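# Descriptive structure summary
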Amino acid sequence: MQIYLPIAELSVNAFIILGMGGAVGFLSGMFGVGGGFLMTPLLIFSGIPPAVAVATEANQVVGSSLSGALAHWRRGAVDIKMGLVLLVGGVIGSFAGVALFAKLRSLGQVDLLISLSYVLFLGIIGGLMLIESVRVIWRNRTGKKISFRKPGQHNWIHGLPFKMRFRQSKLYISVIPPIIIGVIVGILAAIMGVGGGFIMVPAMIYLLRMPTNVVVGTSLFQIVFVTGLVTVLHASQNQTVDAVLALLLLIGGVIGAQFGARASQKFSGENLRALLAIMVLAVCIRIALGLLIEPDELFSITSLGRH
Amino acid sequence: MNVHAYILKLLGICVMVSTLSMLPLQSLQAEELVTDLSDHLVAIESNFTGTEILLFGAVEADSARIRALPRDIVVVVRGPNEQLVVRRKERRAGIWMNAKAETFTKVPSYYAVVSTRALNLIADDTVLSRHEIGLNRLKLNEKRDKTSNTEANFKTSLVRLKAKDGLYHEVPDGVTFLGDTLFRAKISIPANVQVGYYTTEVFLFRDGKVIHAQTSPLYINKSGFERFIFNLAHRQSLLYGILAVAFALFAGWLASILLRRR
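Because the structure is a prediction, the values reported are computed rather than measured.

### A short note on the overall build of chain B
Check the secondary structure of chain B and you find 7 helices and 13 strands. Buried residues in chain B amount to 28% of all 262 residues. Considering only contacts within chain B whose residues lie at least 6 apart along the sequence, 72% involve residues at least 24 apart.

Okay, structure coming up:
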């Protein structure tokens, strides 16, 4: 069934889009990740203009992270105070990111910005994940025990001013690190169309030393608001949010995530993580090749409107 | 003296008016175009793959001798003008990125030439250029950038890319004569055209000269759900953004309710 995407301005097969949403939803359900960092490149590969892919994916993440956030909320696994502090940074980052996006769009360099951000972040995340999971698999085979970090350890973060008490996270720390984390995540949401959980969750665990049970819920809580703001900003400044595409992706994603969550119970976590790492690196290499190999068509045209 | 000058002036005007009116009259008596479009108002459903409009007409001649002479018809359809930037990728620090750019300020968003035979057989270049007939004779008001380079041919690339999108085309055998006087032309309009006022010019050529021409307007509109979304996103962009988020939130909430029940 062909459907015309009004903002991307092209006809696509609705079932292919639903299938893509389902496949990425399956992976995100399986691995417990947001999936935005896989969905946006997939949309770009299938011919959606990169600027539209990013803004639309932010719109989809609003919906998919809300259902996750609500589930954590019911279990009381959301540190609202920490979420709001992260959100302050997220708002600043979103405005900055969308402004940068609009500026580079007028210069014709936004596609490059998106591609470079993806190569950089997917490369780092995929590489680290692969190293980590290979190490764990290796240790499991040789029978050695993994040493976990000791909670309560102090680091340089505890020396910063403007301290605040976060009861649910059992922390008394400066608000500067969470705000900075929020800013970075807001910028990433604006220029990559991702929730940013893959940056925020490790940062909350290793830098802020938040207890792991509230990390995912708090991160999802912040993502709902940041991606919502990013969607509104992209819609009003760049007119690149395709609501029809976002809705199709959401439907596919919700269904896929259900199957993914069930499938994950049948596989070992470490093998799954290695698999995800390989996939992330494959996407990274594919985008990098697009930048390095001479394209077939060197010219492109962009309409600047009626004259 | 004043009266004399006035009379002379009046006479002069009379002579001018009569000579002016005589020119079209003469050609009118020889041959005249009568054309019409199948539709002056074309509404495209956005999810539709495009449409075809039919132009039909007749060459009215006062004698059978003139009617039998060889003639050519050229139909030019132009969409509303837009401003376009053409960018060219170059390798910078090992990466292929947009480097050079050129802006064209008067680019028809749609342009089609449909004729009875190849344009270079109908008339010579100067005549065709004067009427901007043919893809390579379009004047696009090039605005040269500091970074631009004449060697890299931005204008031909613009025309090539527009043709690739189906928005520019030349059909050298698109006008068919049905007998001596009646002719018809098919003009294909793809789904990705801009909305607005289009012009349809019909030229009658004889011996490499334009002997009659006629212009008629055409309005292209788009309708349907997709068009509604497009208009909302561009005219009420803030409201559209808020609605898009609201829809996503509703879908997410609905999903969490449905999945909890299971």
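### Details of the overall build of chain A
Of regular secondary structure, chain A possesses 10 helices and 5 strands. Relative to a compact globule of 307 residues, whose C-alpha radius of gyration would be 19 Å, chain A shows 20 Å and is just as compact. Seen along its three principal axes, the alpha-carbon backbone of chain A occupies a region of about 65 × 45 × 40 Å. For chain A, the proportion of its 307 residues judged to be buried stands at 50%. Within chain A, contacts between residues separated by at least 24 positions form 80% of all contacts whose residues are at least 6 apart in sequence.

### Quick word on the sheet that holds strand β3 (residues 50-61) of chain B
To summarise the sheet geometry, strands pair through backbone hydrogen bonds and adopt either a parallel or an antiparallel arrangement. Residue and element names in this part refer to chain B. Strands sit in the order β1-β3-β11-β10 across an open sheet of 4 strands; the sheet is antiparallel. Each edge of the open sheet is held by one strand with a lone partner, namely β1 (31-37) and β10 (175-178). Between one strand axis and the next, the sheet turns by 25 degrees as a mean value, whatever way the strands run. For β1 and β3, the ladder comprises 7 bridges, and the chain directions are antiparallel. Each residue of the ladder has a partner; that of Leu33, found in β3, is Val59.

### Remarks on the confidence of the model for chain B
Residue and element names in this part refer to chain B. Residues with a pLDDT of 70 or more make up 82% of chain B, whose mean pLDDT is 81. Predicted confidence in chain B is weakest over helix α1 (residues 2-30), with a mean pLDDT of 46, and strongest over strand β7 (residues 111-115), with 94. Below pLDDT 50 for its whole length, residues 10-29 participates in 3 contacts with residues either more than four positions away or in separate chains.

### Topic: the pairing of β7(B)
All names here are of chain B. Counting buried residues along β7, 5 of its 5 residues qualify, which places the element largely inside the surrounding structure. Judged by which residues are buried, β7 turns out to be covered on both faces: Tyr111, Val113 and Ser115 on one side and Ala112 and Val114 on the other are all buried. Two strands pair when backbone bridges link them, and strand β4 (residues 72-78) and β7 are joined in this way by 5 bridges, in the antiparallel orientation. Of the residues in β7, the one forming a bridge with Val77 is Ala112. In the sheet, β7 pairs with strand β9 (residues 168-171) via 4 bridges, with the strands oriented parallel. Looking across to β9, one finds that Val114 is bridged to Val171.

### A look at helix α7 (residues 197-207) of chain A
Residue and element names in this part refer to chain A. For α7, the set of buried residues is Gly197, Phe198, Met200, Val201, Ala203 and Met204. Looking at the buried positions of α7, the neighbouring elements they touch are α2 (36-45), α5 (110-142), α6 (176-192) and α8 (212-237). Following α7 by one or two positions, Arg209 has its phi on the positive side, about 60 degrees.

### A short note on the interface of chain B and chain A
With 45 residues of chain B in contact, the opposing surface of chain A contributes 46 residues. Per-element tally for the side of chain B that touches chain A: the top contributor is helix α7 (residues 237-261) of chain B, with 16 residues. Considering only residue class, the side of chain B that touches chain A consists of 25 nonpolar, 14 polar and 6 charged.

### Re the sheet that holds strand β12 (residues 196-206) of chain B
Residue and element names in this part refer to chain B. An order of β2-β13-β12-β4-β7-β9 is seen for the 6 strands of this open sheet, with the pairing classed as mixed. Edge positions in the sheet fall to β2 (41-45) and β9, since each of these pairs with one other strand and no more. Strand-to-strand twist of the sheet, defined as the mean angle between neighbouring strand axes without regard to direction, takes the value 20 degrees. Two elements, β4 and β12, share 7 bridges in a ladder whose sense is antiparallel.

### Comments concerning the environment of Leu281(A)
Residue and element names in this part refer to chain A. Considering the arrangement of structural elements, one finds Leu281 in helix α10 (residues 269-292). The class of Leu281 is partly exposed, set by 17 C-beta atoms lying within 10 Å. Here the alpha-carbon distance between Leu281 and Ser28, two residues 253 residues apart in the chain, equals 16 Å.

### Structural notes on α6(A)
Since there are 3.6 residues in each turn of an α-helix, residues three or four apart along the chain are aligned in direction. Residue and element names in this part refer to chain A. For α6, with 17 residues, the first-to-last C-alpha span of 24 Å sits near the 24 Å given by 1.5 Å per residue. Here α6 lies mainly inside the structure; 13 of its 17 residues are buried. Gly193, located one to two residues past α6, shows a positive phi value of around 70 degrees.

### Things to note about the pairing of strand β4 (residues 171-174) of chain A
Residues and elements named next belong to chain A. Examined bridge by bridge, strand β3 (residues 163-166) and β4 share 4 bridges and lie antiparallel to one another. If you follow Phe166 over to β4, its bridge partner there is Leu171. Turn length for the β3-β4 hairpin, with the two strands adjacent in sequence and antiparallel, is 4 residues, and the turn residue Lys170 shows positive phi of about 55 degrees.

### Observations regarding the environment of Val134(A)
Relative to the assigned elements, Val134(A) resides in helix α5. Remark: the alpha-carbon pair of Val134(A) and Met39(A), spanning 95 residues in sequence, is separated by 25 Å.

### Re the packing of α2(A) against helix α3 (residues 50-74) of chain A
Packed helices, taken two at a time, are described by the angle between their axes plus the distance between the axes. All names here are of chain A. The interhelical angle for the contact between α2 and α3, taken along N-to-C directions, is 145 degrees, at an axis separation of 9 Å. When you trace α2 past α3, the crossing you get is right-handed. Together, Gly36, Met39, Thr40, Leu43 and Ile44 of α2 and Pro50, Ala53, Val54, Glu57, Gln60 and Val61 of α3 make up the contact between the two elements. Per-class residue counts for the contact of α2 with α3 are 7 nonpolar, 3 polar and 1 charged.

### Some details on the packing of helix α4 (residues 80-106) of chain A against α6(A)
Residues and elements named next belong to chain A. Where α4 contacts α6, the two axes come as close as 6 Å, and the packing angle between them is 40 degrees. Classified by the interaxial angle, the pair formed by α4 and α6 is oblique. In this structure, the crossing between α4 and α6 has a hand that is right-handed. Per-class residue counts for the contact of α4 with α6 are 22 nonpolar, 7 polar and no charged.

Cut-off values and rules
Residues numbered from 1 in each chain as written. Chains lettered and ligands numbered in written order. Predicted model: local features only at pLDDT ≥ 70, side-chain atom pairs only at ≥ 80, totals over all residues. Helix = DSSP H or I, 4+ residues; strand = E, 2+ residues; numbered from the N terminus. Buried ≥ 20, exposed ≤ 12 C-beta atoms within 10 Å, placed from the backbone. Contact = placed C-beta atoms within 7 Å. Rg over C-alpha atoms; globule rule 2.2 N^0.38 Å. Pairing = 2+ DSSP bridges. Axes fitted to C-alpha atoms, helices over the stretch in contact; angles between N-to-C directions. pLDDT = per-residue confidence, 0-100. Nonpolar A, V, L, I, M, F, W, Y, C, P; charged D, E, K, R; others polar. Expected span 1.5 Å × (residues − 1). Left-handed = near helix turned anticlockwise from the far one by under 90°. Parallel < 35°, antiparallel > 145°, perpendicular 65-115°, else oblique.

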